[in-house]
Amino acid sequence: MNSVFSFILVLGVLIFVHELGHFLFAKLFGVRVLKFSLGFGHKLISRQWGETEYLISAFPLGGYVKMYGEQQDEKVGEEDRHRSFSHKTVWQRFGIVFGGPFFNLLFAVLLFFLMFVFAGMPEPVDSTKIGEINPGSVAEQIGLKKGDEIRSINNQPVTTWEQVSNAVKDSQGREVTLVIQRQGHELQLSGRPTMQEVKNLFGEVVGTRYMLGIVRSDEIRYVDASIGQACRAALVQTWNLGYLTVMGIVKMIQRVIPASELGGPIRIAELAGQQMEAGWMNLLYFMGLLSVNLGILNLLPIPVLDGGHLVFLSLEAVRRRPLSERSMEISQKIGIAILGTLMIFVFYNDILRLVKRWLIS
């Protein structure tokens, strides 16, 4: 139940923000907005305010803004041409389409900014505390445990994780002696580091070096930040998450990241529930991450998505005339087929995870 509520909350907010971007840019350029809907399909709640009908529809995985004169073949009266989407300039239409993804990215910046202002800016605690022990590693064999704090290596005091890493790396495979503190007691343990592969965030091998098989603690502390510092940090955080999203897509195409890692609505609901249980700050960070993902993914040049429409508008600007209705129709069908296939695949991944978890338990 917690997962369902957090899923509806997170997805509802992000869809609203996305469609609000389209809506506000349409209003900015004088386009008449006929409908603003959260969800697709059968309408559950409807309210008419001014010239726009606001809806909540049955199928929650998306939303739409319906504008007057949106289709090229739609009949538009001469007196209403100035309110028609298709009669606006290419760059105005480009702005309206781009408004959705832009608002998702802007919303992420706003979320991170508010988090940094009110909760402080997170920074890693540079300590020698062990966060994880790799299974089957030298560290496990000699008795190192999660939470141990390394005091010295080969009689040389260490106070930062970089010093620990360099001391092990420079051992060249010779035995190292560690003095650790565990629950108020000092212990001395010895072992020989082994040559292991070094992998980056995406699991690619980027080199080799001598390691014991220990991972640093991921403890963080929060420090007070000024408005300017929080703003800069929020922009950097959004940029970094956007970069990771793009690189994740590239690595998936290159098959570095397996397609089985893709998750759909069920996976999002599970993660949202877990983040809510961990606290509202975790949920807000997760919402910011998803907002960046949604903004970037909608910019992919796939027909039906905003990115596909932006490609069509860019071609129209270059050609000085829109693509033919036949070309647009074929492209839309291809886009629907791609998205439909992807949706089936991510649902399959979600269900397979649930089945595997059920069999293990």
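Structure first, text after, so check above.
First things first, this report covers the structure right here in the doc.

Definitions and limits used
All residue numbers here refer to positions counted from 1 along the written sequence of the relevant chain. Local features are withheld for residues below a pLDDT of 70 in this predicted model, meaning they are given only at 70 or higher, and side-chain atom pairs are given and counted only at 80 or more; totals for whole chains, interfaces and linings count all residues. Computation of side-chain values: all heavy atoms of the structure, hydrogens and water removed. Going along the chain from the N terminus, every DSSP run of H or I of four or more residues is numbered as a helix, and every run of E of two or more is numbered as a strand. Radius of gyration: over C-alpha atoms. The globule rule applied is 2.2 Å multiplied by the number of residues raised to the 0.38 power. By definition, residues are in contact when any of their heavy atoms lie within 4.5 Å. Using a 1.4 Å probe, the Shrake-Rupley method yields the accessible areas, and only the shown protein chains count as cover for residues. For the purpose of counting charges, residues Lys and Arg are taken to be positive, whereas Asp and Glu are taken to be negative. His and the chain ends are not included. Where a charge lies is defined by one atom per residue type, namely NZ (Lys), CZ (Arg), CG (Asp) and CD (Glu). Should a side-chain nitrogen of Lys or Arg be within 4 Å of a carboxyl oxygen of Asp or Glu, the pair is scored as a salt bridge. Buried means the residue's accessible area, taken with a 1.4 Å probe over protein chains only, is under 20% of the maximum for its type, while exposed means over 50%, and partly exposed covers the values in between. Ring pairs shown here join Phe, Tyr and Trp side chains whose ring centres sit within 6.5 Å, with only the six-membered ring taken for Trp; geometry is labelled stacked below 30 degrees between planes, edge-to-face above 60, and tilted in between. For this analysis, a nonpolar core means a set of buried residues of the types Ala, Val, Leu, Ile, Met, Phe, Trp, Tyr and Cys, connected via side-chain atoms within 4.5 Å. Helix axes use the C-alpha atoms of the stretch in contact, all axes being lines fitted to C-alpha atoms, and the angles between their N-to-C directions lie in the range 0 to 180 degrees. In these notes the angle categories are as follows: under 35 degrees is roughly parallel, over 145 is roughly antiparallel, 65 to 115 is roughly perpendicular, and the rest is oblique. By definition, any crossing whose near helix is turned counterclockwise from its far helix by less than a right angle is left-handed, and any crossing with a clockwise turn is right-handed. Think of it as three bins: nonpolar holds Ala, Val, Leu, Ile, Met, Phe, Trp, Tyr, Cys and Pro, charged holds Asp, Glu, Lys and Arg, and polar takes everything else, Gly as well. Residues forming no salt bridge and having over 30% relative accessible area are the ones grouped into patches, like charges within 9 Å of each other and nonpolar side chains (Val, Leu, Ile, Met, Phe, Trp, Tyr) within 5 Å.

## Here's the deal with the overall build of the chain
(1) Moving on: Helix and strand counts for the chain stand at 9 helices and 12 strands.
(2) Moving on: Its C-alpha atoms give the chain a radius of gyration of 26 Å, clearly above 21 Å, the size a compact globule of 361 residues would have.
(3) Moving on: With the C-alpha coordinates aligned to their principal axes, the bounding extent of the chain is approximately 85 × 45 × 40 Å.
(4) Moving on: Put simply, 63% of the contacts in the chain that link residues at least 6 apart link residues at least 24 apart.
(5) Moving on: When the accessible area of the chain is evaluated, it comes to approximately 21100 Å², of which 61% is carbon and sulfur surface.
(6) Moving on: Side chains of the chain give 35 positive and 32 negative charges; the mean places of these two sets differ by 4 Å.

## Details of the pattern of salt bridges
Where side chains of opposite charge bring their charged atoms close, a pairing between them can arise.
(1) Moving on: The tally for this structure, following the rule as stated, stands at 12 salt bridges.
(2) Moving on: With a shortest N-O distance of 3.2 Å, K43 and E53 are connected by a salt bridge. Here K43, found in strand β1 (residues 33-49), pairs with E53, found in strand β2 (residues 52-67); they are 10 residues apart in sequence, far enough to count as distant.
(3) Moving on: The shortest N-O distance in the salt bridge between D126 and R216 comes to 3.6 Å. Here D126, found in the loop between β3 (121-124) and β4 (130-133), pairs with R216, found in strand β11 (residues 214-216); they are 90 residues apart in sequence, far enough to count as distant.
(4) Moving on: Overall, D126 belongs to the partly exposed group, its relative accessible area being 43%.
(5) Moving on: Residue R216 is classed as partly exposed on the basis of its relative accessible area of 34%.

## What to know about the packing of aromatic side chains
(1) Moving on: Under the defined criterion, the tally for this structure stands at 15 aromatic pairs.
(2) Moving on: On the basis of an interplanar angle of 75° and a centroid distance of 5.4 Å, the ring pair of F23 and F36 is categorised as edge-to-face. You can see F23 sitting in helix α1 (residues 2-28) and its partner F36 sitting in strand β1, a full 13 residues away along the chain.
(3) Moving on: The class for F36 is buried, based on a relative accessible area of 5%.
(4) Moving on: Ring centres of F112 and Y285 lie 5.4 Å apart, and the angle between their planes is 50°; this geometry places the pair in the tilted category. Here Y285 lies in helix α7 (residues 280-298) and F112 lies in helix α2 (residues 90-119), a separation of 173 residues in the sequence.

## Focus: the environment of L283
(1) Moving on: By the element assignment, L283 lies in helix α7.
(2) Moving on: Residue classification places L283 among the buried positions, given a relative accessible area of 0%.
(3) Moving on: Through-space distance from the C-alpha of L283 to that of G335 is 32 Å; in sequence the pair is 52 residues apart.

## A short note on the nonpolar core
(1) Moving on: Membership of the largest hydrophobic core comes to 18 residues, with the highest contact counts inside it found for I130, L144, I150, I153, L178, L212 and I214.
(2) Moving on: Discounting residues that sit within four places of it in the chain, L178 has contacts with L144, I150, S152, I153, L187, Q188, L189 and L212.
(3) Moving on: In terms of nonpolar packing, the next biggest core, distinct from the first, is built from 13 residues, V31, V33, L310 and L313 among them.

## Remarks on the packing of α2 against helix α8 (residues 306-319)
(1) Moving on: Interaxial distance between α2 and α8 falls to 10 Å at its minimum, and their mutual angle equals 165°. Viewed along their axes, α2 and α8 adopt a mutual orientation that is roughly antiparallel. In the packing of α2 onto α8, the handedness of the crossing is left-handed. Touching V90, W91, R93, F94, V97, F98 and P101 of α2 are D306, H309, L310, L313, S314, E316 and A317, all from α8.
(2) Moving on: A class-by-class count of the residues in the contact of α2 with α8 yields 9 nonpolar, 2 polar and 3 charged.

## Comments concerning a nonpolar patch on the surface
(1) Moving on: Nonpolar side chains collect at one region of the surface, where L201, W239, Y243 and L244 lie side by side and expose about 510 Å² of accessible area between them.
(2) Moving on: For L201, the location among the structural elements is in the loop between β9 (194-199) and β10 (205-211).

## Digging into the packing of α2 against helix α5 (residues 227-253)
(1) Moving on: In the contact formed by α2 and α5, the axes pass within 8 Å of each other and the chain directions differ by 135°. Considered as vectors, α2 and α5 are oriented oblique to each other. Here α2 runs over α5; the crossing is right-handed. On the side of α2, the interface is formed by L105, A108, V109, F112, F113, F116 and V117, while α5 contributes I227, A230, C231, A233, A234, L235, Q237, T238 and L241.
(2) Moving on: Taken together, the residues that form the contact of α2 with α5 break down as 14 nonpolar, 2 polar and no charged.

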